[in-house]
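As a plain string of letters, each chain reads:
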Amino acid sequence: MIDIINLLPDNIANQIAAGEVIQRPASAVKELLENAVDADATSIQLHIADAGKTLIQVIDNGKGMSETDARMSFERHATSKIKKIEDLFYIRTMGFRGEALASIAAVAQVELKTRRAEDELGTFIEIDNSIVRKQEACSCAVGTNICMKNLFFNVPARRNFLKSNASEMRHIVDEFIHVALAFPNIFFSLSSNGQQVFYLEAGNYKQRFLQLLGNQYQTKLVPVKETTDYLEINGFVGKPDAAKKTRGDQYFFVNNRFIKSAYLNHAVTSAFDALLPKDSFPLYALYIDLDPSLVDINVHPTKQEIKFEDEKIVYAFVQAAIKHALAQFSISPSLDFSLNAEIMQTEAVTQPFTENRKETLTTSDLYKKFSQKNQAHLIDPTEKNELKHWKEFYTDTNYTAENTNNEHLNFNPTENRRPETGNLQLVTDSTFYQLHQTYIIAHLQNGFLLIHQQHAHERILFERYSNAIQFKQAVTQQTLFPVTLELSPPDAALLHELLPDLQLLGYKIELFGKDSFIIQGTPADVLHGNEKHMIELLIEQFKHFSSELKFSKREKLIHCMARQQAIKAGQTLSDKEMKVLTEELFQCNTPSITPNGNPVFVEFNDEQLLKMFGK
Ligand code: ADP
Ligand code: MG
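Criteria and thresholds
Residues numbered from 1 in each chain as written. Chains lettered and ligands numbered in written order. Predicted model: local features only at pLDDT ≥ 70, side-chain atom pairs only at ≥ 80, totals over all residues. Heavy atoms only, no water. Helix = DSSP H or I, 4+ residues; strand = E, 2+ residues; numbered from the N terminus. Polar contact = N/O pair within 3.5 Å; in protein donor to acceptor, adjacent residues only side chain to side chain. Contact = heavy atoms within 4.5 Å. Patch = residues over 30% accessible without salt bridge, like charges linked within 9 Å, V, L, I, M, F, W, Y side chains within 5 Å. Areas by Shrake-Rupley, 256 points an atom, 1.4 Å probe, with all protein chains shown as cover. Salt bridge = Lys/Arg side-chain N within 4 Å of Asp/Glu carboxyl O. Buried < 20%, exposed > 50% of the residue type's maximum accessible area, 1.4 Å probe, protein only. Pairing = 2+ DSSP bridges. Axes fitted to C-alpha atoms, helices over the stretch in contact; angles between N-to-C directions. Core = buried A, V, L, I, M, F, W, Y, C linked by side-chain atoms within 4.5 Å. Domains from an automatic or database assignment.

### Re the side chain of D501
Position of D501 among the secondary structure elements: in helix α17 (residues 489-505). A distance of 2.8 Å separates a polar atom in the side chain of D501 from a polar atom in the side chain of R554. With near-sequence residues (within four places) excluded, D501 lies in contact with I469, R554 and L557.

As structure tokens, then:
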């Protein structure tokens, strides 16, 4: 028997290794862009031809390489970024495995020009199939200019596996976006077949995001910013109405490295909770920074997957940070800051995760925040509050800023002042009193109710309209003189969408040419005479209500209708009106709160009253 094991020649070994690192043109793009970032470039240009199949060129103005380094850079395991194994724990650079250039040179034809600022002449190297074809001095700009041609020219099997140009280009653009988002302080450009695709001036995170993904997000981003001793999170999430039907623009960066993490994605999504419409995905770009020793980025050759020393703590932190951000911008209830119960019980949260971190950790903000339930975040009530605008649409000025409209929010479940009417005995044949043209005092068998007239009516109408839609029982009254309505194209589109539900509510509105409508009928119980204005107002209200995405379109419409049609505070009511209103309220399923979660009435029972007077 002869021995059968032999050592593979370098070029074959490199080719095999390249399989891990360079799967497609986009992988080479990622590696080359990251090398330029690691070289401290402030300007990075990427040129692509044929979706990277024939050319990928990266030109940077970074620190360049000496002649020897230029040659060395193509050797496998050749890196300037780590020297000893411990260095792995302090990695701040994108690369460190020393494999990329060796892999690229194994599967493509490469030309490199590079020069350091201190050198007069630079170095030119031509290499393919891992063999240096040419090396000479050249004059060139400071920095590195690397061309990678004819990817997989020597591995036809892999070349054949490449997808269509459109598909490969999409991957390239994705990688470009990841790096460009991670380093907004660097100028980036991308051209494809000579056409400019991106030209990104240096800026901040938000500017970069808008440059890449479009200015339409300008008003749709909520900033996220939390700092603790353990980690820091920056970036932004899209408001619920920026959510998409497809999982699209979701970006996590850990120490400026784009990563994929279904786990952290879950943390974000769960923070949105019911705010997100069903089957939609929140938009986000979140930058987590923490001590590099607390993450292992070396679990995957392309480093898109990483391991946290303590995943749960990062999860809890991300989730809390997003909730806080949404609450601060009045997109979600601000008082509900209890963390997911499961997370609260994990050791990561309840205890320091290693003995020697105990000291720093127990005194760290993060620990304190997570160990004091509901104190994670303090909401500044003076914070600019979108809901204020929404309220301005209504004539009732009695609302206060703190009184944000959310069911979970305003009610302290332990406060025993909002009983359902089930056990309340209304004395209907007694007199009703109106106070300040706003409150109704209604007698109970053993006490009285102080009812907010507008809130009560909103509740009544809300349930009435809901039933009308559900049971298709609305009654329409023909308008004597049909009114036409001219709208802007977006408003027209909105109204068009709402038409079926409006019809169920009793409106009869027909399309009448482009962007105009004709109102033929209105719900029988809606005041007549100003149909046009009412619809216009309804559209406005609806638009301003649309950040409240936990409601369906139909629910929102009903909310708006109820608020619009409700008797307002400040309106004098007759005895009969007060009686009818109160009785109707008692017929409601949820009489104690308005559809938006504000209290409708306060109960005073005899017992409490006696106590109040010291009896
Ligand atoms: P790694 O990035 O993991 O160190 P690479 O194979 O990507 O490995 O690069 C090898 C080495 O070549 C790097 O460590 C760096 O010193 C040098 N290098 C690569 N690209 C550049 C560049 N654009 N500018 C300056 N030096 C570079
Ligand atoms: Mg590299």
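### Focus: a nonpolar patch on the surface
Together, L8, I12 and I16 give the surface a local cluster of nonpolar side chains, amounting to about 270 Å² of exposed area. By relative accessible area, which is 46% here, L8 ends up partly exposed.

### Here's the deal with the sheet that holds strand β22 (residues 601-605)
Strand order in the open sheet formed by 4 strands is β16-β17-β18-β22, and the pairing between neighbours is antiparallel. Looking at the sheet topology across the chains shown, the edges are occupied by β16 (433-435) and β22. When strand polarity is set aside, the average angle formed by the axes of neighbouring strands in this sheet is 25°. As paired strands, β16 and strand β17 (residues 439-444) are joined by 3 bridges and run antiparallel to one another. Considered in β17, the bridge of L435 is made with Y439. On the sheet, helix α16 (residues 453-471) packs against β16, β17 and β18 (447-452) and is oriented at approximately 80° with respect to β18. Against the sheet, helix α20 (residues 575-587) makes contact with β16, β17, β18 and β22, and its axis sits at roughly 65° relative to β17, the strand it touches most.

### Notes on the pairing of strand β2 (residues 55-60)
Most of β2 is tucked away, with 5 of its 6 residues classed as buried. As paired strands, strand β1 (residues 43-49) and β2 are joined by 6 bridges and run antiparallel to one another. Looking across to β2, one finds that A49 is bridged to L55. Hairpin connection, β1 to β2: the antiparallel pair is bridged by 5 residues, and D50 has positive phi, about 55°. Examined bridge by bridge, β2 and strand β6 (residues 143-149) share 6 bridges and lie antiparallel to one another. Its bridge partner being in β6, I59 is matched across the sheet by N145.

### Examining the nonpolar core
Counting 66 residues, the largest nonpolar core has L46, F176, F188 and F209 as the members making the most contacts within it. The greatest single-element share of this core, amounting to 9 residues, is contributed by helix α6 (residues 165-182). Split by domain, the residues of this core number at least three in each of domain 1 (10-203) and domain 2 (207-328). Setting aside residues no more than four positions away along its own chain, L46 makes contact with V29, L33, I56, Q57, V58, I172, F176, S189, L190 and S191. The next biggest cluster of nonpolar side chains, apart from the first, holds 38 residues, and it includes I91, A267, I313 and F317.

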